[in-house]
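What the coordinates show
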Amino acid sequence: MTNSFVMRSSKSRKRHAAEMRFQWMGRIAIIIAIGFLVFMVGSIAMMGAGALKQTHIAFDVDLSHNEIDPAFPEKADYDAIIKASLRKAFPDITDRREKRELYRLVSAEASFSLKNFVVNNPAHIGQTHKLWFIASDDVDLFFKGNITIDEKGNAGRLNAQEVAWVRIFERNQNIETRFNTRFFTAGDSREPELAGILSSLTGTAFTLLITFLIAFPIGIFSAIFLEEFIPQSRWGDIIEVNITNLAAVPSIVFGILGLTIFLNTFGMPRSSPLVGGLVLALMTLPTIIIASRAALRSVSPSIREAALGVGATQIQTVFHHVVPLALPGMLTGAIVGMARALGETAPLLMIGMVAFIVDVPNSILAPATALPVQIFLWADSPERAFLEKTSAAIIVLLVFLVLMNLIAIILRSKHRQRF
Amino acid sequence: MNMTVQIRTAEIQDMVENAILAPSASIVSAKNVNVYYAGKQALKNISLDVAKNRVTSFIGPSGCGKTTFLKCINRMNDLIDICRVEGNIEVDGQDIYSPEVDVVALRAHVGMVFQKPNPFPKSIFENVAYGMRIHGLTNNKSELADRVELSLRKAALWDEVKDRLEQPGTGLSGGQQQRLCIARAIAVEPRIVLMDEPASALDPIATAKIEELIGDLSTNYTIIIVTHSMQQAARVSQFTAFFHMGELVEYGNTKTTFTSPNDERTQNYITGKIG
């Protein structure tokens, strides 16, 4: 008794083996891809996690009447007060070089935060207070364990003497790490311990707002016109081929276009989110048009027939029936295009959004930079402390990318439920 | 006694039938219609008159041009770029291919029901109300609601959906969806309703309901139905046109066409030799 469907012949065994081989190759490919992804995100997360913590150190500050005039507290020399207080904490230091090294433990920002403290609390003038200040980037890196002590006793740019001082602070519990709110509330700075992403994040928000406001309406109306009103015409075909080609143009070309047209011909303000948004809108348009046309095409022709059959005009058919059904798909295309624009650096370099921006931009005409450009700038900085800032900024960028894609996925699944 | 009653009934039936088949005013009149798809001729010299307030069926094998001709009557062929229509079609005495004709108004006058039920993905109420809204047929909400109800009643759907008018039309069964599409078509008060194989996607029970509905509607509307089923044509229509290879082979009252066709091709199709 033989069953023809039992695997016995060498031919069927071979076929089975080939199938298994193919499946395993697929599995291995996916495992490798996931491995790369986990490695990339993991290493960035590990490097960037440190930026969420900031080292602070505390010492007694003498707010004596001699130094601060209660009538004009903002006119006092707070830098000198900080330095005097530090000298008081380490009275045995007399050498000028050692004093300079001592001052280096505290961030340059200390005098500003002390000034703010005194101006807001004038009652404290004349007293001595233990106050917390942001530590310098070198102390921060050493205290968080990012750098180790070498054989000479140095830790990065801290020498053995400074390391010993940090140890004294540590023994007296006058040094600790706190959550780094400044990273999210400050603009860029030359000092790594003071640098934040708010200015570049605001710049990105303004830029993407302009991009969306320009690219979305133009994109969907182009798509509607091309798909619904001139389908299968010669002009439609020519335009379609060109749009598809435009989608593949390197982004820096759009940057050059923006530089020549928006900046040089129209004289728009350099480095502004307005120009950045316009350039990114040009870059995003083909993506939105292609995705929107696909969404329109996926609407069943029977819906169009039904609407035309009861005497709707073509415009009524398109806007009452076809567009509402295609809108989630169109929005998905727009979000995917915007997500691409979010991570774009090259075209922004061409139009001068690569500037060192400390202030948070307050309008679309103010000089600004964008998050990916900020990452580029920080990655280029020599200070070692910018390394973790770079990684942290990348994490923020990735979080926004994931959020935007999540919105796109939710819209798509909602769309699917309706059919 | 019994005999006389039977004879009487038969006589009455004959009288009714003769009255129905008596030459009535024609509402659609086509003369020498030729249709081309990108140069390929799909309809050859079609001339026929459709009787008012009667059911006329178009039968014939696939690709014979019956649906093409149906779509000429409300100019749905306009949507196909490669389609070109020649000749003359008059609806209510007006040439519908003359430049002064408003296609939108024509389609309100000549409604259409499609092969596959295609309700809008909106509520049942909105499906019926949409046509009246865009043509501005009602003045206020209560009038709109009344006429939605009337249309649904005419389509024999009201009792099944009156408690769920706000639910999506796509949630109904296939037969109910098709009756909803009929309600939607008659809501804009057309004179003619074109039906393109309205029951081909439905089960026999739903089909029976649609056929019954077609009979009811024919008192007020002229109905032209394309069908693949000869039994259906025999059941619902008073007149039948047989199309073959783009030609109108035979056109006459349904009974005669099915029992004693003039043309050999009709004979062959009806007996199942071609098709």
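Structure shown above.
A brief report on the enclosed structure follows.

Re the sheet that holds strand S3 (residues 55–59) of chain B
All names here are of chain B. As summarised here, the arrangement of the six strands in space is S6-S7-S8-S3-S9-S10, forming an open sheet in which the pairing is mixed. Every other strand in the sheet has two partners, leaving strand S6 (110–113) and strand S10 (247–253) as the edge strands with one partner each. In this sheet, neighbouring strand axes are inclined to one another by 15° on average, regardless of whether the strands run parallel or antiparallel. Sheet analysis places strand S9 (residues 239–244) next to S10, joined by six bridges and oriented antiparallel. The residue of S10 that forms the bridge with Ala241 is Tyr251. Where helix H2 (residues 66–73) meets the sheet, it contacts S3, S6, strand S7 (192–196), strand S8 (222–226) and S9, and its direction lies at approximately 155° from that of S7. Where helix H7 (residues 174–187) meets the sheet, it contacts S6 and S7, and its direction lies at approximately 170° from that of S6.

Some details on the pattern of salt bridges
Overall, the coordinates contain 26 salt bridges over all chains when judged by the stated rule. Among the ionic pairs, Arg157(A) bridges to Asp137(A), the shortest N-O distance being 3.5 Å. With Arg157(A) in the loop between helix H5 (137–143) and helix H6 (160–171) and Asp137(A) in helix H5, this residue pair connects regions lying 20 residues apart in the sequence. Residues Arg179(B) and Glu160(B) are paired through a salt bridge, measuring 2.8 Å at the closest nitrogen-oxygen approach.

With respect to the environment of Ile288(A)
Residues and elements named next belong to chain A. Counting through the fold element by element, Ile288 comes out in helix H11 (residues 273–297). Residues Ile288 and Asp359, spaced 71 residues apart in sequence, show a C-alpha to C-alpha distance of 33 Å. For Ile288, the contacting residues outside a window of four places in its chain are Ala215, Phe216, Gly219, Ile220, Gly333 and Ala334.

Some words on helix H1 (residues 10–49) of chain A
Over its 40 residues, H1(A) extends 57 Å from the first C-alpha to the last, a length consistent with the 58 Å expected when each residue adds 1.5 Å. Every buried residue belonging to H1(A) is among Ser12(A), Ile44(A) and Gly48(A), and all of these are buried.

Looking at the interface of chain A and chain B
The interface is formed by 17 residues belonging to chain A together with 21 residues belonging to chain B. Between chain A and chain B the total buried area reaches about 1,600 Å² when both faces are included, carbon and sulfur atoms providing 62% of it. On the surface where chain A and chain B come into contact, there are one salt bridge. There are six residue pairs in polar contact (both at pLDDT 80 or more) connecting chain A and chain B. At the level of elements, helix H12 (301–309) and helix H13 (314–342) of chain A are the ones that each hand at least two residues to the side of chain A that touches chain B. Per-element accounting of the side of chain A that touches chain B gives the leading share, seven residues, to H12(A). Here the side of chain A that touches chain B is composed, by residue class, of eight nonpolar, eight polar and one charged.

Looking at the nonpolar core
Residue and element names in this part refer to chain A. Counting residues in each nonpolar core, the largest one holds 36 residues, and the members touching the most others are Ile197, Leu348, Ile351 and Trp378. Of all the elements in the fold, those that place two or more residues in this core are helix H8 (198–229), helix H10 (251–265), H11, H13, helix H15 (371–379) and helix H16 (386–417). The element best represented in this core is H16, accounting for seven residues. Leaving out residues up to four positions away in the same chain, Leu348 has contacts with Gly276, Leu280, Met353, Val354, Ala370 and Val373.

Some points on the sheet that holds strand S2 (residues 128–134) of chain A
Residues and elements named next belong to chain A. A sheet is described by the order of its strands in space; here three strands give the open sequence S2-S1-S3, paired in antiparallel fashion. With one partner strand each, in any of the chains shown, S2 and strand S3 (175–179) form the two edges of the open sheet. Taking the axes of each pair of neighbouring strands and ignoring which way they run, one obtains an average angle of 40° across the sheet. Relative to S3, strand S1 (residues 53–62) runs antiparallel, the two sharing five bridges. In the strand pairing of S3, Gln54 is matched with Arg178.

A closer look at the pairing of strand S4 (residues 83–91) of chain B
Successive residues of a regular strand alternate their side chains across the two faces of the sheet. Residues and elements named next belong to chain B. Judged from the eight bridges that link them, strand S1 (residues 26–37) and S4 form a sheet pairing that is antiparallel. When the bridges of S4 are listed, Ala30 appears paired with Ile89. Bridge count for S4 against strand S5 (residues 94–95) is two bridges, and the pairing is antiparallel. Among the inter-strand pairings, Val91 is bridged to a residue of S5, identified as Gln94. The turn joining S4 and S5, which pair antiparallel and follow one another in sequence, is formed by two residues; a positive phi near 55° is taken by Asp92.

A word on the pairing of S1(B)
All names here are of chain B. As paired elements, S1 and strand S2 (residues 40–51) share eight bridges and run antiparallel to each other. Directly across from Tyr37, in S2, lies its bridge partner Lys40. Between S1 and S2, which follow one another and run antiparallel, lie two residues, and Ala38 among them has a positive phi close to 45°.

About the criteria used
Residues numbered from 1 in each chain as written. Chains lettered and ligands numbered in written order. Predicted model: local features only at pLDDT ≥ 70, side-chain atom pairs only at ≥ 80, totals over all residues. Heavy atoms only, no water. Pairing = 2+ DSSP bridges. Helix = DSSP H or I, 4+ residues; strand = E, 2+ residues; numbered from the N terminus. Axes fitted to C-alpha atoms, helices over the stretch in contact; angles between N-to-C directions. Contact = heavy atoms within 4.5 Å. Salt bridge = Lys/Arg side-chain N within 4 Å of Asp/Glu carboxyl O. Expected span 1.5 Å × (residues − 1). Buried < 20%, exposed > 50% of the residue type's maximum accessible area, 1.4 Å probe, protein only. Buried area = accessible area lost by both parts, 1.4 Å probe. Polar contact = N/O pair within 3.5 Å; in protein donor to acceptor, adjacent residues only side chain to side chain. Nonpolar A, V, L, I, M, F, W, Y, C, P; charged D, E, K, R; others polar. Core = buried A, V, L, I, M, F, W, Y, C linked by side-chain atoms within 4.5 Å.

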